[in-house]
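Structural description and commentary
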Amino acid sequence: MQRRDFLIASVAAGLIGSQPVLAQSSDTILTVNDTARGTSTHFSDADLLALTQQNFATETIWTDAVRTFSGPSLQAVLDAAGANPAPLRIFAINDYSVEFPVEKIAQDTPILANRIDGERFSVRQKGPLWVIFPFDQNTEFQSEEVFALSVWQVERIDVLND
Ligand SMILES: Nc1nc2c(c(=O)[nH]1)N[C@H]1C(S)=C(S)[C@@H](COP(=O)(O)O)O[C@H]1N2
Ligand SMILES: [Mo]
């Protein structure tokens, strides 16, 4: 086989260079783009589980009973991406996105829930990542604004350059 054919065959088989990158990107469930710094940070489920986890039980307007939601706080994810405080745009797998005001981001809430009752949850169940506030803890979390910020099937967060 000529060298050129070998290279083409190797690339097709994934034997050269790009393979680890492909493996890594196929694990990515969340990308945080920091528009101020021009950086993109990719998180796998394991990356998100390695951050400090919050958990609380709450009812939601979408689920039928009290459930325990857990995952890193949104703030912990932004810290891991090295982002400074700024408004966000949070994008779901479908066409939904919302501008997320900086004053709704507290140290521990909302969380980017990656488990419900300790289990991963599928896209059909609004997973694998869902912005969840402790709705039952405070009536301030029971507003149409906060519901609209409760994006499910999250796949991307842009940190805006306000
Ligand atoms: N992924 C995703 N999350 C979403 C939405 C959506 O369309 N897609 N709608 C938002 C809005 S505008 C509201 S008010 C709440 C409630 O949506 P629902 O009444 O359709 O359940 O979910 C929010 N989260
Ligand atoms: Mo809404």
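Residues numbered from 1 in each chain as written. Chains lettered and ligands numbered in written order. Predicted model: local features only at pLDDT ≥ 70, side-chain atom pairs only at ≥ 80, totals over all residues. Heavy atoms only, no water.

**A short note on the site of ligand 1**
By nearness alone, every residue bordering ligand 1 is listed as Trp62, Ala92, Asn94, Tyr96, Glu144, Phe147, Ala148, Ser150, Val151 and Trp152. Phe147 has a polar backbone atom sitting 3.4 Å from an oxygen atom of ligand 1. Relative to its free-state accessible area of 520 Å², ligand 1 is covered by the protein chains to the extent of 65%. Broken down by class, the residue content of the shell around ligand 1 amounts to seven nonpolar, two polar and one charged. (Near = heavy atom within 4 Å. Polar contact = N/O pair within 3.5 Å; in protein donor to acceptor, adjacent residues only side chain to side chain. Areas by Shrake-Rupley, 256 points an atom, 1.4 Å probe, with all protein chains shown as cover. Nonpolar A, V, L, I, M, F, W, Y, C, P; charged D, E, K, R; others polar.)

**Let's talk about the side chain of Thr60**
Along the chain, Thr60 turns up in the loop between β3 (53-58) and β4 (67-72). Judged by its relative accessible area of 10%, Thr60 falls in the buried class. A distance of 2.9 Å separates a polar atom in the side chain of Thr60 from the backbone nitrogen of Trp62. Engagement of the side chain of Thr60 in a polar contact is seen with the side chain of Thr63, the distance being 2.6 Å. Setting aside its immediate chain neighbours within four residues, Thr60 contacts Phe69 and Phe135. (Helix = DSSP H or I, 4+ residues; strand = E, 2+ residues; numbered from the N terminus. Buried < 20%, exposed > 50% of the residue type's maximum accessible area, 1.4 Å probe, protein only. Contact = heavy atoms within 4.5 Å.)

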